[in-house]
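Report on the structure
One-letter residues, chain by chain:
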Amino acid sequence: DGTEEQAVSMANDTNYGLAASVYSEDLDKCQRVSRHIRAGQVGINTWSLMCAPTRCPFVGHKESGMGYHSGVDGYRQYSVPKSIVLRK
C-alpha cells in the first residue's frame, strides 16, 4: 500500500494533465487527493470526461490541450481551473 502523497506524485509525474480519475470508497480521501492532482478534470469514481456536465470547463494543464473551452473559464486565460466530478 502506498500513501496519498505517493499516489499524487505518480499522477503528477507526467508532462500532461488533461484528465485523471481517483477511485475509492473513501470519498474524503478521493476529494483530498483530487485537489492535488494537476489535471484539468479529475473524476471521482468515474471517468471525468464522460460524466462531467457541459458547463464544466474543459481544459488541459501542462502540455495538454489547446487552451480553455466551455463556460466562463474560457475567458479566464490566466487562471488554472479544475473540475472535480463525483459519482455517488
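Below or above, wherever it landed, is the structure these notes cover. A quick note: this is a predicted structure, and the numbers were derived from the prediction, not measured. Every chain's residues receive numbers from 1 upward, in the order its sequence appears when written. In keeping with the predicted nature of the model, local features appear solely for residues at pLDDT of at least 70, side-chain atom pairs appear and are counted solely at 80 or more, and the whole-chain, interface and lining totals rest on all residues. Side-chain metrics rest on all non-hydrogen atoms present in the structure, leaving aside hydrogens and water.

1. A word on the overall build of the protein chain
A run of DSSP states H or I qualifies as a helix once it reaches four residues; a run of E qualifies as a strand once it reaches two. Both are numbered from the N-terminal end. Summing up its helical and strand segments, the protein chain has three helices and seven strands in all. Mapped in sequence order, the helices and strands of the protein chain form the string α-β-β-α-β-α-β-β-β-β. Working definition: with a 1.4 Å probe on protein chains only, accessible area under 20% of the residue-type maximum means buried, over 50% means exposed, and in between means partly exposed. Per-residue burial for the protein chain yields a buried fraction of 33% across its 88 residues. Values of accessible area rely on a 1.4 Å probe in the Shrake-Rupley scheme; residue burial ignores everything except the protein chains shown. On the protein chain, roughly 6100 Å² of surface is accessible, and the fraction owed to carbon and sulfur atoms is 51%.

2. Points about unusual backbone geometry
The backbone phi angle of Asn45 is positive, close to 60 degrees, even though this residue is not glycine. Note that Asn45 resides in the loop between β3 (41-44) and α3 (48-51).

3. Digging into the pattern of salt bridges
One speaks of a salt bridge when a side-chain nitrogen belonging to Lys or Arg is within 4 Å of a carboxyl oxygen belonging to Asp or Glu. All chains considered together, the criterion is met by one salt bridge. Note that Glu4 is salt-bridged to Arg32, the shortest N-O span being 2.7 Å. Within this pair, whereas Glu4 is found in helix α1 (residues 4-12), its partner Arg32 is found in helix α2 (residues 27-36), the two being separated by 28 residues in sequence.

Any functional reading would require information beyond the geometric quantities listed.
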